[in-house]
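Coordinates in review
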Amino acid sequence: MPRFRQILDSMAPYKPGKAVAASDGRSYKLSSNESPYDPLPSVVEAIAEGARHIHRYPDAGAVKLTEAVAERYGVPFDHVALGPGSVTVQQQLLEAVGDPGAEVVYAWRSFEAYPLLCDLAGVRSVRVPLAGEDHDLDAMATAINDDTRLIFVCNPNNPTSTAIRRAELESFLDRVPEHVLVVLDEAYREYVRDEDVPDGLALYQDRPNVCVVRTFSKAYGLAGLRVGYMIAHEPVAAAVRKTIVPFAVNHLAQVAAIASLKAEDELLERVEHVVKERTRVREALIAQGWTVPHSEANFVWLRLGERTMDFAAACAVEGVAVRPFAGEGARVSIGDPEANDAFLTAASTFRG
Ligand code: PMP
């Protein structure tokens, strides 16, 4: 029997959202914050053309995609680093800073991958409880010590959907020592509509220890291809490039991401529909009597406590898969209007 690392004994594998079906076969997957839309024809075409080259390794440096991202955001080429999904970019960041004994601070509950990635990297997780549904940045700043190497700030926060405002985030960043890397996880940035929620790309400019991580998985609809990126000053980007395994971002992912940036107007129009549906869903839930935190992401959060798993089961009866966190609450992605209606029906039936 091989000897495994001890940490594996206490680790549970990441549990992805699953689809369920109603008795009549209807099935709405609102459990993974994916785009509800089919891929754009122009993107599918780019992938089909790209498929003609898959007997070759991809461009290891993903130069064209890096250029496209740099151009899109008006940042230097060497400020951009790519990875196979933003979750892997975050893993690369931990690889880059995670000496033995290192501590990593993040809010809890937040993105479920943070504890998993920390365990894998052999660094210590320091979980700072949310204040209500929001980051407690004051407590997070207090948690920093000499061993702290990295802080995850998920903005908007998965799964609670709330976002940190500019003044609060800036004063937090001012309190973080320069040798501590702050990862602004902006997986849901394209869904933010509150102008008081800062764009991380404005914040990193004069802060060498701040990086912004984003993804093509959500607004750009490429979850199945795995491509994410980070924007930061050159030393941080260089560190991420060093920690990537060779050829990690595959050729189809690279061409699809480039095609998606070209078709960005169409994709952002879709985001606008999701944002409208978010407002409709949240208002309908509130009218049903639910307490729903303000959402700046493509999902809503219901704090259900002990009723969480019953609620998920009630949604499954309508064919709606949500993401339950037992004893805490359920996160429900915004889907197309039909899926959202099925969810609202389930929520209304559950309230009785
Ligand atoms: N960050 C957050 C906050 C997320 O919710 C997710 C996906 N659920 C990710 C990062 C990772 O996304 P991906 O690896 O698909 O880019």
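Note that this is a predicted model, so its numbers are computed, not measured.

1. Some thoughts on the environment of arginine 282
Position of arginine 282 relative to the elements: it lies in helix 10 (residues 264-288). The spacing of arginine 282 and glutamate 178 is 104 residues in sequence and 39 Å in space, taken between C-alpha atoms. Contact partners of arginine 282, with chain neighbours within four places excluded, come to Val292, Pro293, His294 and Ser295.

2. Quick notes on the site of the ligand
The environment of the ligand is made up of 13 residues, and the closest members are Ser86, Tyr188, Thr215, Ser217 and Arg226. Within the contact set of the ligand, an oxygen atom lies 2.6 Å away from a side-chain nitrogen or oxygen of serine 217. Taken atom by atom, the bulk of the ligand overlaps the second largest pocket. Here the residues of the shell around the ligand sort into five nonpolar, five polar and three charged.

3. Regarding the sheet that holds strand 11 (residues 323-325)
Read across the open sheet, the three strands follow the order 9-12-11; overall the sheet is antiparallel. Every other strand in the sheet has two partners, leaving strand 9 (299-303) and strand 11 as the edge strands with one partner each. When the angles between neighbouring strand axes are averaged without regard to direction, this sheet yields 15°. Against the sheet, helix 11 (residues 308-317) engages strand 9, strand 11 and strand 12 (329-333), with an angle of about 165° to strand 11.

4. Comments concerning the side chain of serine 86
Tracing the backbone through its elements, the reader meets serine 86 in helix 3 (residues 86-97). Not counting the four nearest positions on each side in its chain, serine 86 is found in contact with Val213, Arg214, Thr215 and Gly228.

5. Remarks on unusual backbone geometry
The linkage connecting tryptophan 108 with the following residue, arginine 109, adopts the cis geometry, with an omega of 15°. Within the secondary structure layout, arginine 109 lies in the loop between strand 3 (103-108) and helix 4 (113-121). Cis peptide bonds are those with omega within 30 degrees of zero, and the linkage from asparagine 155 to proline 156 qualifies with 0°. Here proline 156 shows up in the loop between strand 5 (148-154) and helix 6 (166-175). You will see that asparagine 33, though not glycine, has its phi angle at about 55°, which is positive. Within the element layout of this structure, asparagine 33 appears in the loop between strand 1 (28-29) and helix 1 (41-50). By relative accessible area, which is 1% here, asparagine 33 ends up buried. Residue arginine 226 is not a glycine yet carries a positive backbone phi of 65°. Mapped onto the elements, arginine 226 comes out in the loop between strand 7 (210-215) and strand 8 (228-231).

6. Description of the UniProt feature "domain: Aminotransferase class I/classII large" (unreviewed entry) in the protein chain
Within this numbering scheme, the UniProt entry marks residues 29-344 as carrying the feature "domain: Aminotransferase class I/classII large" (unreviewed entry). Between the C-alpha atoms that bound residues 29-344 the distance is 14 Å, and the span itself is 40% helix and 17% strand.

7. Regarding helix 11
Within the sequence span of helix 11, burial applies to Thr308, Phe311, Ala312 and Cys315. One face of helix 11 carries all of its buried residues, which in axial projection span an arc of 100°. Exposed residues on helix 11 whose side chains face more than 90 degrees from its buried face are Asp310 and Val317. Packing partners of the buried residues in helix 11 comprise strand 9, strand 10 (320-321), strand 11, strand 12 and helix 12 (337-351).

8. As for the packing of helix 1 against helix 9 (residues 251-262)
Between helix 1 and helix 9, the least distance of the axes is 9 Å, while the angle of their chain directions is 150°. As far as their axial angle goes, helix 9 and helix 1 are roughly antiparallel. Our pair here, helix 1 against helix 9, has a crossing hand that is right-handed. When helix 1 is examined against helix 9, the residues Ser42, Val43, Ala46, Ile47 and Gly50 are found in contact with a partner set consisting of His251, Leu252, Val255, Ala256, Ala259 and Ser260.

Reading the values: rules and limits
- The residue count restarts for each chain, going from 1 along the sequence in the order it is written.
- In keeping with the model being predicted, local features are shown solely for residues with a pLDDT of at least 70 and side-chain atom pairs are shown and tallied solely at 80 or more, while totals for entire chains, interfaces and linings include all residues.
- Side-chain measures were taken over the full set of non-hydrogen atoms in the model, leaving aside hydrogen atoms and water.
- Secondary structure elements follow DSSP: runs of H or I of four or more residues count as helices, runs of E of two or more count as strands, with numbering from the N terminus.
- Contact definition: two residues touch when any of their heavy atoms are within 4.5 Å.
- If a single non-hydrogen atom of a residue is within 4 Å of a molecule or strand, that residue counts as near it.
- We define a polar contact as two N or O atoms separated by no more than 3.5 Å, with the added condition that, inside protein, one atom must be a possible hydrogen donor and the other a possible acceptor, whereas residues neighbouring each other in sequence contribute only through side-chain atom pairs.
- Think of a 1 Å grid over the protein atoms and nothing else: a 1.4 Å probe that fits but is trapped marks a cavity, an open set flanked by protein within 12 Å on at least five of seven lines marks a pocket, and residues with an atom within 4 Å of a point count as lining.
- Should more than half of a molecule's atoms lie within 2 Å of a pocket's or cavity's grid points, that molecule is taken to sit in it.
- For this classification, the nonpolar set comprises Ala, Val, Leu, Ile, Met, Phe, Trp, Tyr, Cys and Pro, the charged set comprises Asp, Glu, Lys and Arg, and every other residue, Gly included, is treated as polar.
- In this description, strands pair whenever DSSP reports at least two bridges between them.
- Note on method: axes are straight lines fitted to C-alpha atoms, helices fitted across the in-contact stretch only, with angles between N-to-C directions ranging 0 to 180 degrees.
- Remark: exposure states derive from per-residue accessible area (1.4 Å probe, protein chains only) relative to the maximum for the residue type, with buried under 20%, exposed over 50%, and partly exposed in between.
- UniProt positions are given in the numbering used here, feature names are shortened, and annotations may be inferred rather than shown by experiment.
- Comment: arc refers to directions from the helix axis out to C-beta atoms.
- An angle counts as roughly parallel when it lies under 35 degrees, as roughly antiparallel when it exceeds 145, as roughly perpendicular when it falls between 65 and 115, and as oblique in every other case.
- For a crossing to be left-handed, the near helix must be turned anticlockwise from the far one by less than a right angle; the clockwise case is right-handed.

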